[in-house]
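Observations on the model geometry
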Amino acid sequence: MSPLAVGTEKRSIEALNNIFTSLSFRERLGKLYDYFPEKEVLFTSSFGTKSIFLLHLLSEIQPKQKVHFIDTTYHFPETLQYKAQVTQMLNLSVIDVQPKEKENKITRDDQWWKDHPKMCCTVNKVAPLTPIISKHRVWISGLMAYQTPFRSHLNIFEQQRDIVKFHPLVDIDEGEFLYHMSYHQLPRHPLEEKGFGSIGCTHCTVKGEGREGRWKDSEKTECGLHPSYYTKQ
(Lines give C-alpha, C1' and ligand atoms only; values in the text may rest on other atoms or scores of the structure.)
Protein backbone atom coordinates (compact mmCIF):
# COMPACT_ATOMS: atom_id res chain seq x y z
CA MET A 1 0.00 0.00 0.00
CA SER A 2 1.26 3.49 -0.80
CA PRO A 3 2.44 5.51 2.22
CA LEU A 4 0.12 8.28 1.02
CA ALA A 5 -2.89 6.06 1.59
CA VAL A 6 -2.45 5.78 5.34
CA GLY A 7 -1.66 7.96 8.32
CA THR A 8 -1.18 11.68 8.46
CA GLU A 9 0.25 13.82 5.69
CA LYS A 10 3.51 14.31 7.59
CA ARG A 11 3.95 10.58 8.25
CA SER A 12 3.26 9.84 4.58
CA ILE A 13 6.06 12.16 3.46
CA GLU A 14 8.39 10.65 6.06
CA ALA A 15 7.56 7.16 4.80
CA LEU A 16 8.32 8.12 1.21
CA ASN A 17 11.64 9.70 2.21
CA ASN A 18 12.59 6.57 4.12
CA ILE A 19 11.84 4.40 1.08
CA PHE A 20 13.57 6.61 -1.51
CA THR A 21 16.66 7.86 0.36
CA SER A 22 18.83 4.79 -0.29
CA LEU A 23 17.94 4.66 -4.00
CA SER A 24 19.94 6.15 -6.86
CA PHE A 25 18.42 9.11 -8.69
CA ARG A 26 17.55 6.84 -11.62
CA GLU A 27 15.86 4.32 -9.31
CA ARG A 28 13.95 7.11 -7.60
CA LEU A 29 12.45 8.32 -10.85
CA GLY A 30 11.34 4.86 -11.83
CA LYS A 31 9.88 4.06 -8.42
CA LEU A 32 7.89 7.30 -8.29
CA TYR A 33 5.43 5.82 -10.78
CA ASP A 34 4.80 2.88 -8.44
CA TYR A 35 3.12 5.39 -6.13
CA PHE A 36 1.72 8.00 -8.50
CA PRO A 37 0.12 7.39 -11.92
CA GLU A 38 1.58 9.45 -14.73
CA LYS A 39 -1.51 11.66 -15.05
CA GLU A 40 -1.01 12.82 -11.44
CA VAL A 41 2.66 13.72 -11.99
CA LEU A 42 3.63 17.27 -12.95
CA PHE A 43 7.01 17.89 -14.54
CA THR A 44 8.23 21.39 -15.35
CA SER A 45 11.43 22.46 -17.06
CA SER A 46 13.02 25.83 -17.74
CA PHE A 47 15.39 24.38 -20.36
CA GLY A 48 18.18 26.13 -18.51
CA THR A 49 21.78 25.09 -17.97
CA LYS A 50 21.00 22.10 -15.73
CA SER A 51 17.65 21.04 -17.21
CA ILE A 52 18.76 18.44 -19.73
CA PHE A 53 20.07 16.16 -16.96
CA LEU A 54 16.58 15.39 -15.67
CA LEU A 55 14.92 15.68 -19.08
CA HIS A 56 17.26 12.97 -20.40
CA LEU A 57 16.62 10.66 -17.44
CA LEU A 58 12.87 11.02 -17.67
CA SER A 59 12.84 10.52 -21.44
CA GLU A 60 14.40 7.10 -20.82
CA ILE A 61 12.41 6.10 -17.75
CA GLN A 62 8.97 7.59 -18.48
CA PRO A 63 9.07 8.78 -22.12
CA LYS A 64 5.38 9.74 -22.27
CA GLN A 65 5.61 12.11 -19.31
CA LYS A 66 4.50 15.60 -20.37
CA VAL A 67 6.90 18.50 -19.83
CA HIS A 68 5.48 21.91 -18.90
CA PHE A 69 7.52 24.93 -19.98
CA ILE A 70 6.63 28.34 -18.57
CA ASP A 71 6.99 30.83 -21.41
CA THR A 72 7.29 34.11 -19.54
CA THR A 73 7.79 35.93 -22.89
CA TYR A 74 11.15 37.10 -21.52
CA HIS A 75 13.34 34.12 -22.39
CA PHE A 76 16.63 34.49 -24.24
CA PRO A 77 16.37 33.48 -27.92
CA GLU A 78 19.11 30.94 -27.17
CA THR A 79 16.89 29.30 -24.55
CA LEU A 80 14.05 28.88 -27.02
CA GLN A 81 16.45 27.47 -29.60
CA TYR A 82 17.88 25.07 -27.01
CA LYS A 83 14.37 24.03 -26.01
CA ALA A 84 13.57 23.17 -29.64
CA GLN A 85 16.83 21.22 -29.99
CA VAL A 86 16.37 19.19 -26.80
CA THR A 87 12.67 18.57 -27.47
CA GLN A 88 13.48 17.03 -30.84
CA MET A 89 16.53 15.14 -29.58
CA LEU A 90 14.68 13.48 -26.68
CA ASN A 91 11.29 13.28 -28.39
CA LEU A 92 9.64 15.22 -25.58
CA SER A 93 5.98 16.12 -25.26
CA VAL A 94 6.20 19.79 -24.25
CA ILE A 95 3.28 21.96 -23.16
CA ASP A 96 3.87 25.73 -23.22
CA VAL A 97 2.37 27.62 -20.28
CA GLN A 98 1.94 31.37 -20.76
CA PRO A 99 0.86 34.26 -18.52
CA LYS A 100 -2.33 36.22 -19.19
CA GLU A 101 -1.66 38.62 -22.04
CA LYS A 102 -3.02 41.73 -20.30
CA GLU A 103 -1.09 41.16 -17.09
CA ASN A 104 2.08 40.25 -18.97
CA LYS A 105 1.81 43.50 -20.94
CA ILE A 106 1.60 45.53 -17.73
CA THR A 107 4.84 43.97 -16.47
CA ARG A 108 6.45 44.81 -19.80
CA ASP A 109 5.15 48.37 -20.12
CA ASP A 110 6.06 49.28 -16.53
CA GLN A 111 9.25 47.18 -16.46
CA TRP A 112 8.33 45.44 -13.24
CA TRP A 113 11.58 43.46 -13.25
CA LYS A 114 13.37 46.64 -12.12
CA ASP A 115 11.43 47.57 -8.98
CA HIS A 116 9.05 44.65 -8.49
CA PRO A 117 10.92 41.47 -9.50
CA LYS A 118 8.96 39.26 -7.12
CA MET A 119 5.64 40.44 -8.53
CA CYS A 120 6.97 40.08 -12.08
CA CYS A 121 7.75 36.42 -11.35
CA THR A 122 4.37 35.97 -9.70
CA VAL A 123 2.49 37.26 -12.75
CA ASN A 124 4.60 35.53 -15.39
CA LYS A 125 5.60 32.27 -13.67
CA VAL A 126 3.66 31.46 -10.54
CA ALA A 127 0.14 32.50 -11.58
CA PRO A 128 0.11 30.68 -14.95
CA LEU A 129 1.22 27.42 -13.34
CA THR A 130 -1.12 27.53 -10.33
CA PRO A 131 -4.22 26.03 -12.03
CA ILE A 132 -2.04 23.31 -13.56
CA ILE A 133 -0.57 22.39 -10.19
CA SER A 134 -4.07 21.96 -8.76
CA LYS A 135 -4.65 19.06 -11.16
CA HIS A 136 -1.65 17.05 -9.97
CA ARG A 137 -0.53 15.29 -6.78
CA VAL A 138 3.24 15.32 -7.15
CA TRP A 139 5.66 17.69 -8.87
CA ILE A 140 9.06 16.52 -10.13
CA SER A 141 11.77 19.12 -9.63
CA GLY A 142 15.43 19.04 -10.65
CA LEU A 143 16.70 21.10 -7.70
CA MET A 144 20.12 20.08 -6.37
CA ALA A 145 21.31 20.83 -2.84
CA TYR A 146 24.70 22.23 -3.88
CA GLN A 147 23.12 25.06 -5.91
CA THR A 148 21.81 27.40 -3.17
CA PRO A 149 21.40 27.57 0.63
CA PHE A 150 17.61 27.20 0.24
CA ARG A 151 18.04 24.02 -1.80
CA SER A 152 20.62 22.56 0.60
CA HIS A 153 17.89 21.94 3.20
CA LEU A 154 15.47 20.07 0.94
CA ASN A 155 14.46 16.43 1.33
CA ILE A 156 13.64 14.09 -1.55
CA PHE A 157 9.95 14.61 -0.81
CA GLU A 158 8.57 17.84 0.61
CA GLN A 159 4.96 18.84 1.20
CA GLN A 160 4.44 22.21 -0.46
CA ARG A 161 0.95 23.25 0.53
CA ASP A 162 -1.34 20.89 -1.39
CA ILE A 163 1.21 19.28 -3.69
CA VAL A 164 4.13 16.95 -2.96
CA LYS A 165 7.46 18.13 -4.36
CA PHE A 166 9.79 15.35 -5.52
CA HIS A 167 13.53 16.11 -5.72
CA PRO A 168 15.22 12.96 -7.09
CA LEU A 169 18.52 14.79 -7.72
CA VAL A 170 18.70 16.74 -4.48
CA ASP A 171 21.67 14.89 -2.98
CA ILE A 172 23.92 14.50 -6.01
CA ASP A 173 27.03 16.64 -6.26
CA GLU A 174 28.29 18.70 -9.16
CA GLY A 175 30.79 16.01 -10.11
CA GLU A 176 28.02 13.46 -10.68
CA PHE A 177 26.13 15.97 -12.76
CA LEU A 178 29.15 16.70 -14.95
CA TYR A 179 29.94 13.00 -15.34
CA HIS A 180 26.39 12.23 -16.49
CA MET A 181 26.48 15.12 -18.98
CA SER A 182 29.81 13.95 -20.42
CA TYR A 183 29.03 10.22 -20.46
CA HIS A 184 25.76 10.71 -22.34
CA GLN A 185 27.20 13.53 -24.49
CA LEU A 186 24.29 15.81 -23.69
CA PRO A 187 24.29 19.25 -25.35
CA ARG A 188 24.87 22.25 -23.10
CA HIS A 189 22.87 25.47 -23.17
CA PRO A 190 24.55 27.76 -25.75
CA LEU A 191 24.87 30.64 -23.26
CA GLU A 192 27.03 28.58 -20.88
CA GLU A 193 30.13 29.05 -23.00
CA LYS A 194 29.49 32.79 -22.80
CA GLY A 195 29.72 32.76 -19.02
CA PHE A 196 26.12 32.21 -17.89
CA GLY A 197 25.95 29.65 -15.08
CA SER A 198 22.20 29.87 -14.59
CA ILE A 199 19.68 31.28 -17.03
CA GLY A 200 16.25 32.79 -16.48
CA CYS A 201 14.61 35.80 -18.08
CA THR A 202 16.65 38.28 -20.08
CA HIS A 203 16.14 41.27 -17.77
CA CYS A 204 17.15 39.46 -14.57
CA THR A 205 20.03 37.26 -15.75
CA VAL A 206 23.68 38.27 -16.10
CA LYS A 207 26.89 36.31 -16.44
CA GLY A 208 28.16 34.54 -13.33
CA GLU A 209 29.13 31.19 -11.86
CA GLY A 210 26.39 28.93 -10.54
CA ARG A 211 23.36 31.05 -9.70
CA GLU A 212 25.38 34.22 -9.06
CA GLY A 213 23.95 35.81 -12.18
CA ARG A 214 20.30 35.48 -11.15
CA TRP A 215 18.67 38.67 -9.79
CA LYS A 216 22.05 40.40 -9.50
CA ASP A 217 22.36 42.92 -6.64
CA SER A 218 19.11 41.63 -5.14
CA GLU A 219 18.28 39.49 -2.11
CA LYS A 220 16.02 37.43 -4.37
CA THR A 221 17.38 33.90 -5.03
CA GLU A 222 14.29 31.98 -6.19
CA CYS A 223 11.53 32.89 -8.65
CA GLY A 224 8.74 31.73 -6.34
CA LEU A 225 8.02 28.37 -7.93
CA HIS A 226 9.95 26.38 -5.34
CA PRO A 227 9.33 28.03 -1.96
CA SER A 228 5.99 27.14 -0.37
CA TYR A 229 3.74 29.57 -2.22
CA TYR A 230 1.14 27.21 -3.63
CA THR A 231 -2.37 26.46 -2.48
CA LYS A 232 -4.96 24.66 -4.56
CA GLN A 233 -8.06 26.72 -5.22
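For the structure given in this document, a descriptive report is provided here. (Residues numbered from 1 in each chain as written. Predicted model: local features only at pLDDT ≥ 70, side-chain atom pairs only at ≥ 80, totals over all residues. Heavy atoms only, no water.)

Another aspect to go through is the overall build of the protein. Counting its regular elements, the protein contains eight helices and six strands. Counting from the amino terminus, the protein carries its helices and strands in the arrangement α-α-β-α-β-α-β-α-α-α-β-β-β-α. Counting all 233 residues of the protein, 49% fall into the buried class. Within the protein, contacts between residues separated by at least 24 positions form 71% of all contacts whose residues are at least 6 apart in sequence. Carbon and sulfur atoms form 49% of the exposed surface of the protein, whose accessible area is close to 12,100 Å². (Helix = DSSP H or I, 4+ residues; strand = E, 2+ residues; numbered from the N terminus. Buried < 20%, exposed > 50% of the residue type's maximum accessible area, 1.4 Å probe, protein only. Contact = heavy atoms within 4.5 Å. Areas by Shrake-Rupley, 256 points an atom, 1.4 Å probe, with all protein chains shown as cover.)

A word on the packing of helix α5 (residues 101–109) against helix α7 (residues 117–133). Packing of α5 against α7 leaves a shortest axis separation of 10 Å and a crossing angle of 150°. It follows from the interaxial angle that α5 and α7 lie roughly antiparallel. In the crossing of α5 with α7, the sense of the turn from one axis to the other is left-handed. When α5 is examined against α7, the residues Glu103, Asn104 and Thr107 are found in contact with a partner set consisting of Cys120, Val123 and Asn124. Of the residues in the contact of α5 with α7, the class split is two nonpolar, three polar and one charged. (Axes fitted to C-alpha atoms, helices over the stretch in contact; angles between N-to-C directions. Parallel < 35°, antiparallel > 145°, perpendicular 65-115°, else oblique. Left-handed = near helix turned anticlockwise from the far one by under 90°. Nonpolar A, V, L, I, M, F, W, Y, C, P; charged D, E, K, R; others polar.)

Glancing now at the state of the cysteines. Throughout the structure, instances matching the rule amount to zero disulfides. Considering cysteine sulfurs only, Cys121 is the nearest to Cys120, which forms no disulfide, with 6.1 Å between them. For Cys121, a relative accessible area of 9% gives the class buried. (Disulfide = S-S within 2.5 Å.)

So, on to the pattern of salt bridges. Throughout the structure, instances matching the rule amount to seven salt bridges. Between Asp171 and Arg28 there is a salt bridge; the shortest N-O distance is 2.8 Å. With Asp171 in the loop between β6 (163–166) and α8 (174–183) and Arg28 in helix α2 (residues 25–35), the pair connects residues that are 143 residues apart, well separated along the chain. Notably, a salt bridge pairs Asp96 with Lys83, separated by 3.1 Å at the nearest N-O pair. Of this pair, Asp96 sits in strand β3 (residues 93–97) while Lys83 is found in helix α4 (residues 77–90), placing the two residues 13 residues apart along the sequence. Classification of Asp96 as partly exposed rests on a relative accessible area of 43%. (Salt bridge = Lys/Arg side-chain N within 4 Å of Asp/Glu carboxyl O.)

We now examine the sheet that holds strand β4 (residues 138–140). Read across the open sheet, the four strands follow the order β1-β4-β6-β5; overall the sheet is mixed. Looking at strand neighbours, the two that pair on one side only are β1 (41–43) and β5 (157–160), the edges of this open sheet. Strand-to-strand, the axes of this sheet are offset by a mean angle of 30°, without reference to chain direction. Most of the contacts of α2 go to β4, to which it runs at about 160°, and overall it touches β1, β4, β5 and β6. (Pairing = 2+ DSSP bridges.)

In short, the description is geometric, and any link to function would need to be established separately.
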